[in-house]
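These are the residues of each chain, in order.
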Amino acid sequence: MAHALSIDVFTSGYKPVPGGPGWDDSAPATWPASTATLISGDRDAVLVDALLTTDEGRRLAAWVQNTGKRLRTIVVTHGHADHFFGAGPVLNAFPDTELVAADQRVVDEARGQTTPAAMTLWNSWFAGQLAQHPATPELAGSPDHDLEGHTLRIRTVGTADGATYATIVHVPELRTVCSGDIVYNDIHMWLWKSTPDTRQAWRASLDAVAALAPATIIAGHRDPDAPDDDATRVLDQTRRYLEDFEQVVAKSNEPPEVIDEMLARYPNHGNRYTLFLAASSQFPA
Ligand SMILES: [Zn+2]
């Protein structure tokens, strides 16, 4: 009988970004803190997501090397740059490692993030900090991944924060889900340009994760000071945030009203800049 799997989480901090029009520069605008999760057996390991900047990728590679595990695979949950552009230094440190996604649509969306137009956009946020030709995931041979006899299930769940298709990694024997961006943990949610329909679709994705009855959820974006990864807490929080945003936008006339009301309801959530963008996008001039 194989030994139990273990899970370790690397959480990036908040990175400064240009605030742009309307942002009050007395507080720095920042990018949401992100996670990469190492699932380890006795010798081998699988990494879920690989962060964004080259510096983050280097720190992530050193962190994985420190565990002494042999990294076999990096699974990319969805095709947003902030979950795989940092893979380069990790792939350099572990040259036999494969970078994969379990759904062709995630592969395609990830490739779309490396076009010249997309790179121009990402470079405008993170000048000088990004790989200019990031490795993109290949399609995994199977949606089930074997790690020393333990099964990791990679499942397409649906849409969340703008990614067309998002997958999760489910570790049934640990009742754990690495949720990518479907579940958030103590960070304002990426609702930029969201609509009632996209928010409804996001709620359906939350239901699909909840149906797996996980005890632990590692959210793709998690505040470094979040108290835990308790599945019930983070699912409830994410669902309630979507409902609150819906309600607050419906009764507001301009972005500051939405921001003030959401801050009153979520005073300790990280990354207010995300809320600023979300609120601003709901009232086109
Ligand atoms: Zn993300």
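Under an unreviewed UniProt entry, the chain has the name MBL fold metallo-hydrolase and belongs to Pseudonocardia lutea.

Re the pairing of strand S5 (residues 44-48)
Counted residue by residue, S5 has 5 buried out of 5 residues, so it is predominantly covered. In S5, alternate side chains face the same way, and those of Asp 44, Val 46 and Val 48 on one face and Ala 45 and Leu 47 on the other are all buried. With antiparallel pairing between neighbouring strands as the criterion, strand S4 (residues 35-40) and S5 make up a hairpin whose turn holds 3 residues. The sheet contact formed by S5 and strand S6 (residues 70-75) spans 5 bridges and is parallel. When the bridges of S6 are listed, Asp 44 appears paired with Arg 70.

So, the environment of Thr 114
Structurally, Thr 114 is set in the loop between helix H3 (104-112) and helix H4 (116-125). Counting along the chain gives 18 residues from Thr 114 to Gln 132, while the straight-line C-alpha distance between them is 8.1 Å. Dropping the residues within four chain positions of it, Thr 114 is found in contact with Phe 85, Met 119, Pro 134 and Thr 136. For Thr 114, the side chain forms a polar contact with the main-chain oxygen of Arg 111, separated by 2.8 Å.

Examining the environment of Thr 164
Locating Thr 164 in the fold gives a position in the loop between strand S10 (150-158) and strand S11 (166-171). Look at Thr 164 and you get partly exposed, because its relative accessible area is 40%. The contact partners of Thr 164, leaving out residues within four places of it in the chain, are Glu 109, Gly 158 and Thr 159.

Some details on the side chain of Gln 113
Within the secondary structure, Gln 113 is located in the loop between H3 and H4. Side-chain polar atoms of Gln 113 contact the backbone nitrogen of Ala 81, separated by 2.8 Å.

Some thoughts on the layout of surface pockets
Each pocket or cavity is described by its volume, and for the largest pocket that value is around 800 Å³. As for the largest pocket, its lining consists of 34 residues, and the residues nearest its centre are Trp 31, Leu 121, Trp 125, Trp 190 and Trp 192. Those elements that place two or more of their residues in the lining of the largest pocket are H4, strand S12 (176-185), helix H5 (196-210) and helix H8 (272-280). Considered class by class, the residues forming the lining of the largest pocket number 17 nonpolar, 11 polar and 6 charged. By volume, the second largest pocket amounts to about 270 Å³. Trp 23, Asp 24, Ala 27, Arg 272 and Tyr 273 are, among the 15 residues lining the second largest pocket, the residues nearest its centre. Of all elements in the fold, only helix H7 (255-265) and H8 reach the threshold of two or more residues within the lining of the second largest pocket. With 4 residues, H8 is the single largest residue contributor to the lining of the second largest pocket. In terms of residue class, the lining of the second largest pocket is made up of 9 nonpolar, 4 polar and 2 charged.

About the cut-offs
- Residues numbered from 1 in each chain as written.
- Predicted model: local features only at pLDDT ≥ 70, side-chain atom pairs only at ≥ 80, totals over all residues.
- Heavy atoms only, no water.
- Buried < 20%, exposed > 50% of the residue type's maximum accessible area, 1.4 Å probe, protein only.
- Helix = DSSP H or I, 4+ residues; strand = E, 2+ residues; numbered from the N terminus.
- Pairing = 2+ DSSP bridges.
- Contact = heavy atoms within 4.5 Å.
- Polar contact = N/O pair within 3.5 Å; in protein donor to acceptor, adjacent residues only side chain to side chain.
- 1 Å grid on protein atoms, 1.4 Å probe; cavity = no way out; pocket = protein on both sides within 12 Å on 5 of 7 lines; lining within 4 Å.
- Points joined across faces, edges and corners; volume = space filled by probe spheres on them.
- Nonpolar A, V, L, I, M, F, W, Y, C, P; charged D, E, K, R; others polar.

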